[in-house]
Amino acid sequence: MTDMAAGPVRKRHWGETAGRWAKIASRELVTVAITIFGLLLITFFIARVIPIDPVLAVVGDNARPETYEAARIELGLDKPLWQQFAIYVGKVFSGDLGRSVLTSNTVVDDIKRVFPATLELATLGTLIGCLLGIPLGVVAAVNQGRWPDQVARIIGLFGYSIPVFWLGLMGLLLFYAKLGWVGGPGRAGVAFQDLITPVTGILMIDAALEGDWEAVRDAWSHLVLPASVLGILSVAYISRMTRSFMITELQQQYVIAARVKGLSEFRVVWRHAMHNAFVPLVTVIAVSYMHLLEGSVLTETIFAWPGLGRYLTNSLLNADMNAVLGGTLVIGAVFIGVNLLSDILGRLVDPRTR
């Protein structure tokens, strides 16, 4: 009788859970759709407002009037704005972001080439930020007002205050020029340039897939310093936010009750308080990751890193608007994806947010 009664209850429970997740998914899809539409609308009007003639970028300044007019019609600029926007949206969703004037390649091909370099740089920087920043923030919160807290604050202040370009240059001078511990600017040494066939676009993974461990070591030696520079920025932000979240959690009644029960301090801090602090911390890590993806222009310039930030900077300086807008769309799409993923992870970790 008990098993027979439990069957309908279990089915009803799973039905309610599925219905709840369906509502969440539909709500998130609507939000993502509106955000993507807004992103497309903004980039479209930026292309129309900026004082750069896209026709001249194609035909050149000395083109004859009939050549100019023919190119204008071919680009669809003679049509009403709403129709131009519809054509633009159709091209974007078909994977056509135009052709780069600077490289003569399609923007999609250029982004496929440069984005993995930025991705590996930002990913390692964020990992460094998490591995150092989270324990640093927890220790600072547990020892609030004492010397470990002061040390953590100084480290955070250092990360926020030191200019990235100065930190990168000093890192190159000390660890590359003086000590020779790391590789120089670029993603690979001269002996390994264009030696590895790109599969994922991430040099260390591609070299490992080919079994070339010398190339793996060389790629790591070039990656570790710029990623550490970005990691210092990430450590400062993540440690400060972790400290704030943990201080709030350690003052809650459930923590006091756990200590009264005689649970070890390690278990109280890392299992109970950290579990609840991790929910907002997921969003903080996502924000830090997105910031490193779009904000690594100076780092990529200093280290001659052929990533998306450097590509966009060169394109902007050369008025290559197809490349600039295409890169902006890609960064915006990544922001939306990472934000959606962090929201899903937060809901999985904390049932109260569902």
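Computed from a predicted model, the values in this text were never measured in an experiment. (Residues numbered from 1 in each chain as written. Predicted model: local features only at pLDDT ≥ 70, side-chain atom pairs only at ≥ 80, totals over all residues. Heavy atoms only, no water.)

1. Examining the overall build of the protein
Helices and strands together make up the secondary structure of the protein, namely 14 helices and zero strands. Each helix (α) and strand (β) of the protein, taken in turn from the N terminus, gives the series α-α-α-α-α-α-α-α-α-α-α-α-α-α. In the protein, which comprises 354 residues, the share counted as buried stands at 40%. Residue pairs at least 24 apart in sequence account for 70% of intrachain contacts in the protein once pairs closer than 6 positions are excluded. For the protein, the accessible surface area stands at approximately 20,000 Å², while carbon and sulfur atoms represent 67% of it. (Helix = DSSP H or I, 4+ residues; strand = E, 2+ residues; numbered from the N terminus. Buried < 20%, exposed > 50% of the residue type's maximum accessible area, 1.4 Å probe, protein only. Contact = heavy atoms within 4.5 Å. Areas by Shrake-Rupley, 256 points an atom, 1.4 Å probe, with all protein chains shown as cover.)

2. Points about a nonpolar patch on the surface
Taken together, the side chains of Phe 165, Trp 166, Leu 169, Met 170, Leu 173 and Leu 298 make up a nonpolar region of the molecular surface, amounting to roughly 560 Å² of accessible area. A per-element tally of the nonpolar patch places helix α7 (residues 164-178) first, with five residues. Among the secondary structure elements, Leu 169 is positioned in helix α7. Judged by its relative accessible area of 44%, Leu 169 falls in the partly exposed class. (Patch = residues over 30% accessible without salt bridge, like charges linked within 9 Å, V, L, I, M, F, W, Y side chains within 5 Å. Salt bridge = Lys/Arg side-chain N within 4 Å of Asp/Glu carboxyl O.)

3. Describing the pattern of salt bridges
Counted under the stated rule, the structure contains six salt bridges. A salt bridge links Glu 214 to Arg 217, with the nearest nitrogen and oxygen atoms 2.5 Å apart. One end of the pair, Glu 214, and the other, Arg 217, are both in helix α9 (residues 213-250), three residues apart, so they sit about a helical turn from each other. A salt bridge links Glu 265 to Arg 259; the shortest N-O distance between them is 2.6 Å. You can call Glu 265 partly exposed: its relative accessible area is 37%.

4. Focus on the UniProt feature "transmembrane region" (unreviewed entry) in the protein
Under the UniProt annotation, the feature "transmembrane region" (unreviewed entry) is placed at residues 29-50, 121-142, 154-177, 219-238, 277-303 and 323-345. As annotated, residues 121-142 has a helix share of 100% and a strand share of 0%, and its two end C-alpha atoms lie 32 Å apart. From the first C-alpha to the last, residues 323-345 spans 33 Å; its make-up is 100% helix and 0% strand. (UniProt positions renumbered as here; feature names shortened; annotations may be inferred.)

5. Digging into the environment of Asp 110
Of note, Asp 110 is situated in helix α5 (residues 107-142). When the C-alpha atoms of Asp 110 and Tyr 311 are compared, they prove to be 8.6 Å apart, with 201 residues separating the residues in sequence. Leave out the neighbours within four places in its chain, and Asp 110 touches Ser 100, Thr 103, Asn 105 and Tyr 311. Only 3.0 Å separates the side chain of Asp 110 from the side chain of Tyr 311, close enough to count as a polar contact. (Polar contact = N/O pair within 3.5 Å; in protein donor to acceptor, adjacent residues only side chain to side chain.)

6. Some details on the packing of α5 against helix α13 (residues 308-317)
Put simply, α5 and α13 touch, their axes get as near as 7 Å, and they point 135° apart. Between α5 and α13, the angle falls in the class oblique. Residue-level contacts link Val 107, Asp 110, Ile 111, Val 114, Phe 115 and Thr 118 of α5 to Leu 308, Gly 309 and Tyr 311 of α13. A breakdown of the residues in the contact of α5 with α13 according to their chemical character gives six nonpolar, two polar and one charged. (Axes fitted to C-alpha atoms, helices over the stretch in contact; angles between N-to-C directions. Parallel < 35°, antiparallel > 145°, perpendicular 65-115°, else oblique. Nonpolar A, V, L, I, M, F, W, Y, C, P; charged D, E, K, R; others polar.)

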